[in-house]
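Results of the structural survey
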Amino acid sequence: MVEVVVFIVAAAMVLFGAVGVVVRKHPVHCALSMVLTLFGIAVMFLAMDAQFLAAVQIIVYAGAIVVLFLFVIMLMGVDKAESLAIEPLKGQRPVAISLGVGTLVVLLASFFVHGGKVRGVQITGALAAGGAAQGGEQNVKALALSLFSDYVFAFEATSVLLVIAVLGTVILARRPPKQIDVEALS
Amino acid sequence: MIAVLHTTPSWYLALAAFLFAIGAAGVMVRRNPLIMFMCVELMLNAVNLTFVALSRRLGDIGGQTVVFFVLVVAAAEVVVGLGIVVALLRRKPGATADDVAMLKG
């Protein structure tokens, strides 16, 4: 019963925040709505015994990524409310909303037709009996074992990815160097 | 019927489908590049929720490992994307997604 209440509260947070990101005019309000969604998802991770990912979700998403968004909003001075009344592309919104509903229908159908079976594996229904490690310490241990044995090359590759991302951002966001005026120096 | 109320993975899968659809509609509706990025993050989070729910359902920790990699890729994507947005907004303050058409040769 408790887990049902937790699910309902967290689902309300997630959906309310997600709708807020899409319909709010002010970019700062959108970023704060996204924080609400991310916290709701962290609560769900906790409810599903993924304690490590819940902590990482809060630290990385709510702590780093949202701050980065807010930083850019403030730095570039785009914290002006955008007028949602004008619609430059005629009929863009109805088409977008119907495509969104279509996405929803396709996703739900892919999960729940054939009685929740995907390639012969029942994906809906009861949880695995003690399969995924239970408890916080067990969860971290199991995740670390998986990450540093089966996926160790992928893990090393992410470090290369992060270095490339840092270098790319420095080059993209750098102001072009000013031409040194040789005449003026002499 | 209330007595048998347990959260099952299907609830989380349905919620993830809703979250993904809202994010997808947001990318198509909004024109501010920053908010389009936020909607992409919503879609990534919906996928993470699906991975964790199925990891719980199937008793396989691999799903949670994949979520870890998705987090890393999302961080890298945000960093590079915001770099592009900063470069764009510096060139043209108040730019929307329509203004990226100026990148055409």
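For clarity, every value in this text was computed on a predicted model and none was experimentally measured.

What to know about the overall build of chain A
- In terms of helices and strands, chain A carries 7 helices and 2 strands.
- For chain A, buried positions account for 24% of its 186 residues.
- If you take every contact in chain A between residues at least 6 apart in sequence, the share linking residues at least 24 apart comes to 48%.

With respect to the interface of chain B and chain A
- Listed by partner, the interface residues are 65 residues for chain B and 71 residues for chain A.
- The set of elements that each furnish at least two residues to the side of chain B that touches chain A consists of helix H1 (9–29), helix H2 (33–58) and helix H3 (62–91) of chain B.
- No other element matches H3(B), which puts 20 residues into the side of chain B that touches chain A.
- Classifying every residue of the side of chain B that touches chain A gives 44 nonpolar, 15 polar and 6 charged.

What to know about the packing of helix H2 (residues 27–47) of chain A against H2(B)
- The contact between H2(A) and H2(B) brings their axes to 11 Å, and the two run at 5°. Relative to H2(B), the element H2(A) is oriented roughly parallel. Packed against H2(A), whose contacting residues are A:Pro27, A:Cys30, A:Ala31, A:Met34, A:Thr37, A:Leu38, A:Ile41, A:Met44 and A:Phe45, the element H2(B) presents B:Leu34, B:Ile35, B:Met38, B:Glu41, B:Leu42, B:Asn45, B:Leu49 and B:Val52 at the interface.
- When grouped by side-chain class, the residues that make up the contact of H2(A) with H2(B) number 14 nonpolar, 2 polar and 1 charged.

Considering the environment of A:Lys90
- With respect to the element layout, A:Lys90 can be found in the loop between helix H3 (51–76) and helix H4 (92–112).
- Counting along the chain gives 86 residues from A:Lys90 to A:Pro176, while the straight-line C-alpha distance between them is 38 Å.

A short note on H3(A)
- Taking 1.5 Å as the rise per residue, H3(A) with 26 residues should run 38 Å; its terminal C-alpha atoms sit 36 Å apart, in good agreement.
- For H3(A), every residue scored as buried is listed here: A:Leu53, A:Ala54, A:Gln57, A:Tyr61, A:Ile65, A:Phe69, A:Val72 and A:Ile73.
- Those residues of H3(A) that are buried are in contact with H2 of chain A together with H2 and H3 of chain B.
- Phi turns positive one or two residues past the end of H3(A), at A:Gly77, with a value near 65°.

Concerning the packing of helix H1 (residues 2–23) of chain A against H2(B)
- Here H1(A) crosses H2(B) at 155°, and the two axes come no closer than 9 Å. In terms of orientation, H1(A) and H2(B) fall into the roughly antiparallel class. Read as a crossing pair, H1(A) and H2(B) show a hand that is left-handed. On H2(B), the residues that touch A:Ala18, A:Val21 and A:Val22 of H1(A) are B:Ile35, B:Met38, B:Cys39 and B:Leu42.
- For the contact of H1(A) with H2(B), a count of residues per class yields 7 nonpolar, no polar and no charged.

Overview of the confidence of the model for chain B
- Averaged over all residues, the pLDDT of chain B is 86; the fraction at 70 or higher stands at 94%.
- Across the interfaces of the predicted complex, the ipTM metric reaches 0.88, alongside a pTM of 0.87.

Considerations on the confidence of the model for chain A
- Overall, the prediction assigns chain A a mean pLDDT of 83, with 82% of residues at 70 or greater.
- When the elements of chain A are averaged for pLDDT, helix H7 (residues 182–185) of chain A gives the smallest value, 65, and H2(A) the largest, 93.

With respect to the nonpolar core
- Counting residues in each nonpolar core, the largest one holds 60 residues, and the members touching the most others are B:Leu19, B:Met38 and B:Leu49.
- Elements with a contribution of two residues or more to this core: H1, H2 and H3 of chain A together with H1, H2 and H3 of chain B.
- A per-element tally of this core places H2(B) first, with 14 residues.

Conventions used here
Residues numbered from 1 in each chain as written. Chains lettered and ligands numbered in written order. Predicted model: local features only at pLDDT ≥ 70, side-chain atom pairs only at ≥ 80, totals over all residues. Helix = DSSP H or I, 4+ residues; strand = E, 2+ residues; numbered from the N terminus. Buried ≥ 20, exposed ≤ 12 C-beta atoms within 10 Å, placed from the backbone. Contact = placed C-beta atoms within 7 Å. Nonpolar A, V, L, I, M, F, W, Y, C, P; charged D, E, K, R; others polar. Axes fitted to C-alpha atoms, helices over the stretch in contact; angles between N-to-C directions. Parallel < 35°, antiparallel > 145°, perpendicular 65-115°, else oblique. Expected span 1.5 Å × (residues − 1). Left-handed = near helix turned anticlockwise from the far one by under 90°. pLDDT = per-residue confidence, 0-100. Core = buried A, V, L, I, M, F, W, Y, C linked by C-beta atoms within 7 Å.

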